[in-house]
Amino acid sequence: MRLPGRHRSSPGLDRALRAYDRGRATQDRRSICNAPFNNLYFRADGAVAPCWLQFHNRSPHWSPGGPTIREIWDGAQLRDLRDRLVARDLRGPCTTCRHEIETGNRPLAAAYDEIDRRERWPSMFELELSNHCNLECVMCSGMLSSRIRANREHLPPLEVPYDETFVDQLEEFLPHLQELRVNGGEPLLQPLVYVLLDRVAELRPDLKVTIATNGTVLNSKVERLLERCNIHLNVSIDSLVPERYESIRVHARFDVLMRNVERYIAYTRETDRILCIMVNPMRSNWEELPGYVHWCNERDVHLWFNTIRYPEHLALHPLPSAELRRIRDALSGAELPEPRGPLAWLHAKNRGVFERFRDVQLAAWIDEAAEREGSGSTTGADGERFVTLSPRRAATGEAPS
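Residues numbered from 1 in each chain as written. Predicted model: local features only at pLDDT ≥ 70, side-chain atom pairs only at ≥ 80, totals over all residues. Heavy atoms only, no water.

Student: Would you take a moment to explain the overall build of the chain for this structure?
Tutor: When its secondary structure is counted, the chain shows 15 helices and eight strands. Rg of the C-alpha trace for the chain: 21 Å, near the compact-globule value of 21 Å for 401 residues, within the 12% margin. Judged by the C-alpha coordinates and their principal axes, the chain covers about 55 × 55 × 50 Å. A buried classification covers 56% of the 401 residues belonging to the chain. Residue pairs in contact within the chain that sit at least 24 positions apart in sequence constitute 74% of those at least 6 positions apart. A total accessible area of about 16700 Å² is found for the chain, and carbon and sulfur atoms account for 50% of it. A distance of 4 Å separates the average location of the 54 positive side-chain charges in the chain from that of its 57 negative side-chain charges. (Helix = DSSP H or I, 4+ residues; strand = E, 2+ residues; numbered from the N terminus. Rg over C-alpha atoms; globule rule 2.2 N^0.38 Å. Buried < 20%, exposed > 50% of the residue type's maximum accessible area, 1.4 Å probe, protein only. Contact = heavy atoms within 4.5 Å. Areas by Shrake-Rupley, 256 points an atom, 1.4 Å probe, with all protein chains shown as cover. Lys, Arg positive; Asp, Glu negative; His and termini not counted. Charge placed at Lys NZ, Arg CZ, Asp CG, Glu CD.)

What follows is the structure in structure tokens.
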């Protein structure tokens, strides 16, 4: 299929796309990305897209008086995007995934191969129902933290449109969903999250609900959710050193986090559900990355490293190639635990997360840095500037299911 004005691909890109296609976790490869066929991502300000990379100034917006969830799912923008991705057209916001595919890294698109694809119904919703949050993490922004918006950005509160009308509309989709992902700000502080999950508990108690949390909130309301719903947890821990953790996750207390994580570990063991530790590798904490493999394997929990491109002064990718090589060399000398016991598969998977970061992601950044240094350019090889990644959004959709 060829669309009018389709972006011309190079032989190198065609080879990379074919190699990526062969290794995908889905047999349904009609499209290079299945996100527009199986997912809707609702941003805190009401904007809707199939993934968080697709947000732009023409994105449809949900509001109580605006287009419904069904109208957005069936709308012209999603239909056009589906056609483009069937044609392997990775322009615009899809440039970021194209770049990851070309450099051998895991693109965000791969996360949506783990979800069933249906024609009329989405299989997953990703929800930011509010930016309300109790922390001011150094790598976050006001779109995902109400405290940052007020105290660092000095902006008025974000206008968040979601109310029980949204929950009522979502009810139509509940029988067809495979997973519901609830993201930040901090969802466990947001009243509408509890309204929504009470509805899920009544109508689809079996539905997998993955909550991305900073781990600082654990109370009777949370315990009730754990009892009533099929809850899985992605907990962000950006350092295992208390002082460093608290300098990154401003207003958090390391001892409270660890106490809560121990409760979450017990819960997931008792219920055979997933707890994934989410780490944002940055300039301040990269030396700790091998330690996370040990820490997670000792506790038999999942590990995931996000891709951090924003803000640049904290991110690794803008560093000079010599500095990135030094980091890779230092990580190459780290001793890693051998997989063992009944969960050796999980231990091997966690080790693989670290090894992919060290051997693939860092290698790609070294090549990009060398190219920048040779050309003096801050853009990709094809002249397109790559999107910076929000750490909290990067944390969603990428963790292993």
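Student: Even after reading the chapter, I still don't get the packing of helix H13 (residues 321-332) against helix H14 (residues 344-375), so can you show me in this structure?
Tutor: When two helices pack together, their arrangement is given by the angle between their axes and by how far apart the axes lie. Following both chains from N to C, one finds H13 and H14 inclined at 165°, their axes separated by 8 Å at the closest point. One finds that H13 runs roughly antiparallel with respect to H14. The hand of the H13/H14 crossing is left-handed. Residue-level inspection shows Ser321, Leu324, Arg325, Ile327, Arg328, Leu331 and Ser332 of H13 in contact with H14, the latter providing Phe354, Phe357, Arg358, Leu362, Ala363, Trp365, Ile366, Ala369, Ala370 and Glu373. (Axes fitted to C-alpha atoms, helices over the stretch in contact; angles between N-to-C directions. Parallel < 35°, antiparallel > 145°, perpendicular 65-115°, else oblique. Left-handed = near helix turned anticlockwise from the far one by under 90°.)

Student: Looking at this structure, I do not really get the packing of aromatic side chains. What am I missing?
Tutor: Under the criterion given, the structure shown has 12 aromatic pairs. Seen from the ring of Trp73, Arg82 lies directly overhead, with NZ or CZ sitting 4.6 Å from the centre. (Phe/Tyr/Trp six-rings, centres within 6.5 Å; stacked < 30°, edge-to-face > 60°. Lys NZ or Arg CZ within 6 Å of the ring centre and 35° of its normal.)

Student: Would you explain the packing of helix H12 (residues 289-299) against H14 in this entry?
Tutor: Where H12 meets H14, the closest approach of the two axes is 9 Å, and the angle between their N-to-C directions is 170°. Classified by the interaxial angle, the pair formed by H12 and H14 is roughly antiparallel. Side by side, H12 and H14 meet where Leu289, Pro290, Val293, Cys296 and Asn297 of the first sit next to Leu346, His347, Asn350, Arg351, Phe354 and Phe357 of the second. Tallied by class, the residues present in the contact of H12 with H14 amount to seven nonpolar, three polar and one charged. (Nonpolar A, V, L, I, M, F, W, Y, C, P; charged D, E, K, R; others polar.)

Student: Would you explain the pairing of strand S3 (residues 124-127) in this entry?
Tutor: Looking down a regular strand, the side chains alternate between one sheet face and the other. Covered by surrounding structure in S3 are Met124 and Glu126 together with Phe125 and Leu127, the residues of both alternating faces. Bridging between strand S1 (residues 39-42) and S3 involves four bridges; their strand directions are parallel. Its bridge partner being in S3, Tyr41 is matched across the sheet by Glu126. Sheet analysis places S3 next to strand S4 (residues 179-182), joined by four bridges and oriented parallel. Across the sheet, Glu126 pairs through a bridge with Arg181, a residue of S4. (Pairing = 2+ DSSP bridges.)

Student: I'm lost on the sheet that holds strand S2 (residues 48-49) in this one. Help?
Tutor: Within a sheet, neighbouring strands are paired by backbone hydrogen bonds and run either parallel or antiparallel to one another. Strand order in this open sheet of eight strands is S2-S1-S3-S4-S5-S6-S7-S8, and the pairing throughout is mixed. Either end of the sheet is taken by a strand with one partner, and the two such strands are S2 and strand S8 (302-305). As paired elements, strand S7 (residues 275-279) and S8 share four bridges and run parallel to each other. The partner of Val279 across the bridge, within S8, is Phe305. In the packing of helix H8 (residues 191-203) onto the sheet, the strands contacted are S3, S4, strand S5 (208-213) and strand S6 (230-236), and the crossing angle to S4 comes to about 165°.

Student: Is there a simple way to explain the nonpolar core in this structure?
Tutor: The tendency in soluble globular proteins is for nonpolar side chains to be buried side by side. Formed by 90 residues in total, the largest nonpolar core has its most connected members in Phe125, Leu180, Leu197 and Ile277. Setting aside anything within four residues of it in sequence, one finds Phe125 in contact with Asn39, Leu40, Phe42, Ile69, Leu170, Phe173, Leu177, Glu179, Leu180 and Arg181. The next biggest cluster of nonpolar side chains, apart from the first, holds 27 residues, and it includes Leu53, Leu81, Leu108 and Ile115. (Core = buried A, V, L, I, M, F, W, Y, C linked by side-chain atoms within 4.5 Å.)

Student: Where do I start with the pattern of salt bridges in this structure?
Tutor: Proximity of charged atoms lets side chains of opposite charge pair with each other. Within the structure shown, the criterion is met by 30 salt bridges. Among the salt bridges present, the one from Asp89 reaches Arg91, with a minimum N-O distance of 2.8 Å. Residue classification places Asp89 among the buried positions, given a relative accessible area of 1%. The shortest N-O distance in the salt bridge between Glu102 and Arg98 comes to 3.9 Å. Linking Glu102 with Arg98, this pair stays in helix H5 (residues 95-102), spanning four residues, or about one helical turn. The exposure class assigned to Glu102 is partly exposed, which follows from its relative accessible area of 41%. One network of salt bridges, in which partners are shared, links Asp21, Arg24, Arg88 and Asp113. (Salt bridge = Lys/Arg side-chain N within 4 Å of Asp/Glu carboxyl O.)

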